[in-house]
Amino acid sequence: GIADLQRPVLDAADPMDCSIYAGIPFCPTRCSYCSFVSRTVGDKATRALVQPYVDKLCRELTAIRETADRCGLRIRTFYIGGGTPTALSAAQLEQLMSHIARTFDLAALDEYTVEAGRPDCTDAEKLRIIKQYGATRISINPQTFSDEVLRNIGRRHTAQDIIDCFAAARAAGHTNINMDLIAGLPGDTVEGFTASLRQAIALDPENITVHTLTLKRASNLVVEHRAAAYDDVSAMLESCRELADAGYRPYYMYRQKGTLQNLENIGWAKPGCECLYNIYIMEEIHTILSAGAGGSTKLVIPGQRRGKIERIFNFKYPTEYIDRFEEILARKQGVEDFYARYTTT
Ligand code: SF4
């Protein structure tokens, strides 16, 4: 089924297509299972980094636009992820998104996603800004609708906050919303996961993505040995059949190292609402130009989909990204060198 859904997307791919990813490495608090480099904006030192980070990110995006133009690339999708992009203040989010709207031809994009991941930092004003500056898809990520499990993973909000955030997103005019769930969170049960799944379905988002918990060494769960017993995760995934009954279809799938029982992550979508960016990045269809700390640009050789990929890395931490920004800009030359190598015959 996934292959059938992806085939038209693959067939429509042009060798000179690309997508853009902009990363916001900040979050309101740290989830216990997180291994990402994201910094929590609760402490003063980190808060002081956010504004210079946004300023630099805007400059890097301008450089990416110029690079893409010089290489003759066509930008298909744009994705602002994290971390949690809505951990920015409303003014910083507006600065970033208005810069993107001025710098890129948003009308030419097929899709523009912003992760509005957590309700503890996503309010009506930020949802309005996201809509006003052209995003066509957002992601609100409950992970679970159990208040107890939310506490177990270090979230400071409740399930009701997620439901309220979803309603605020609809009120702001967002018509394509994804919700992420995780099977196998500490303290969750098969019944609890199924209840979360049913709650997500009841809200009727356009996408529901079901991840399996992945234990990575850098996460608090693993570092502090708080990973206790996990309930039957494969039975949790079995309950995802209810998604098919509710009209969702699986459209992309991937596995990661360290996932409980070596199970998978699956994106489900209502017909016509499949996230193109997810298909592009998972199937390595075209180049992804990444901006921000921890960004990894993936260069796909034109006409050689799923062939060898060349990568250019940005610095991992926001402080390095800010302090050594000129080196980041200099590395953009690598993108031009790559296309000069592979587009001249
Ligand atoms: S919201 Fe995501 S990136 Fe942020 S701490 Fe939680 S898992 Fe990590």
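What you are looking at is a predicted structure, and each value in this text was computed from that prediction instead of being measured.

## Comments concerning the overall build of the protein chain
Move 1: Assigned secondary structure in the protein chain consists of 14 helices and 13 strands.
Move 2: Compactness check: the protein chain gives a C-alpha radius of gyration of 20 Å against a globular reference of 20 Å for 345 residues, within 12% of the reference.
Move 3: Each principal axis of the C-alpha distribution contributes one length, and for the protein chain these read about 55 × 50 × 40 Å.
Move 4: A total of 345 residues make up the protein chain; the buried ones form 56% of that total.
Move 5: In the protein chain, 74% of the contacts between residues at least 6 apart in sequence involve partners at least 24 apart.

## Topic: the packing of helix 2 (residues 44–71) against helix 14 (residues 333–343)
Move 1: Between helix 2 and helix 14, the shortest axis-to-axis distance is 10 Å and the interhelical angle comes to 15°. The angle between helix 2 and helix 14 places the two elements in the roughly parallel class. The chirality of how helix 2 crosses helix 14 is right-handed. Side by side, helix 2 and helix 14 meet where Thr67, Arg70 and Cys71 of the first sit next to Val335, Glu336 and Tyr339 of the second.
Move 2: Of the residues belonging to the contact of helix 2 with helix 14, the class tally is three nonpolar, one polar and two charged.

## Structural notes on helix 7 (residues 190–203)
Move 1: Between its first and last C-alpha, helix 7 extends 20 Å over 14 residues, near the 20 Å set by a 1.5 Å rise per residue.
Move 2: Contacts from the buried residues of helix 7 go to helix 6 (159–171), strand 7 (177–183), strand 8 (207–212), helix 9 (233–238) and helix 10 (241–245).
Move 3: Of the residues trailing helix 7, Asp204 is marked for its positive phi of about 70°.

## As for the site of the ligand
Move 1: Every residue close to the ligand is listed here: Cys27, Thr29, Arg30, Cys31, Tyr33, Cys34, Phe36, Gly83, Thr84 and Arg118.
Move 2: In terms of residue class, the shell around the ligand is made up of five nonpolar, three polar and two charged.

## A look at the packing of aromatic side chains
Move 1: Taken as a whole, this structure holds twelve aromatic pairs when the rule is applied.
Move 2: Summarising the aromatic geometry, the rings of Tyr252 and Tyr254 are spaced 6.0 Å apart at their centres and angled 15° between planes, so their arrangement reads as stacked. With respect to class, Tyr252 is no different from Tyr254; both count as buried.
Move 3: Arranged with centres 5.6 Å apart and planes meeting at 75°, the rings of Tyr321 and Phe325 form a pair that is edge-to-face.
Move 4: Grouped by ring-pair contacts, the aromatic residues Phe26, Tyr53, Tyr321 and Phe325 constitute a single cluster.
Move 5: One residue, Arg331, lies across the ring of Phe315, its end atom 4.6 Å from the ring centre.

Definitions and cut-offs
Residue positions within a chain follow its written sequence, with the count starting from 1. pLDDT decides what is reported in this predicted model: residues at 70 or higher carry local features, side-chain atom pairs at 80 or more are listed and counted, and totals for whole chains, interfaces and linings draw on all residues regardless. Excluding hydrogens and water, the side-chain values take into account all heavy atoms of the structure. We count a stretch as a helix when DSSP gives it H or I for four or more residues in a row; a strand needs E for two or more, and each element gets its number in order from the N terminus. Using C-alpha atoms as the atom set, the radius of gyration is obtained and then compared with a globule rule of 2.2 Å times the number of residues to the power 0.38. Residue exposure (1.4 Å probe, protein chains only): buried if accessible area is under 20% of the type maximum, exposed if over 50%, otherwise partly exposed. In what follows, residue pairs with any heavy atoms lying within 4.5 Å of each other are defined as contacts. Working convention: axes come from line fits to C-alpha atoms, limited for helices to the stretch in contact. Angles between N-to-C directions cover 0 to 180 degrees. Working definition: roughly parallel below 35 degrees, roughly antiparallel above 145 degrees, roughly perpendicular at 65 to 115 degrees, and oblique for all remaining angles. Crossing handedness is read from the near helix: turned anticlockwise from the far helix by less than a right angle, it gives a left-handed crossing, and turned clockwise, a right-handed one. Gly is put with the polar residues, along with every residue not named as nonpolar or charged; the nonpolar set is Ala, Val, Leu, Ile, Met, Phe, Trp, Tyr, Cys and Pro, and the charged set is Asp, Glu, Lys and Arg. The span expected for a helix works out to 1.5 Å for each residue beyond the first. Nearness here has a simple test: a residue counts as near a molecule or strand if at least one of its heavy atoms is within 4 Å of that partner. Two rings from Phe, Tyr or Trp (for Trp, the six-membered ring) form a pair when their centres are within 6.5 Å of each other. A pair whose planes differ by under 30 degrees is stacked, one over 60 is edge-to-face, and the rest are tilted. As a reminder, the over-ring test applies to NZ of lysine and CZ of arginine, requiring each to be within 6 Å of the ring centre and within 35 degrees of the ring normal.

Any functional reading would require information beyond the geometric quantities listed.
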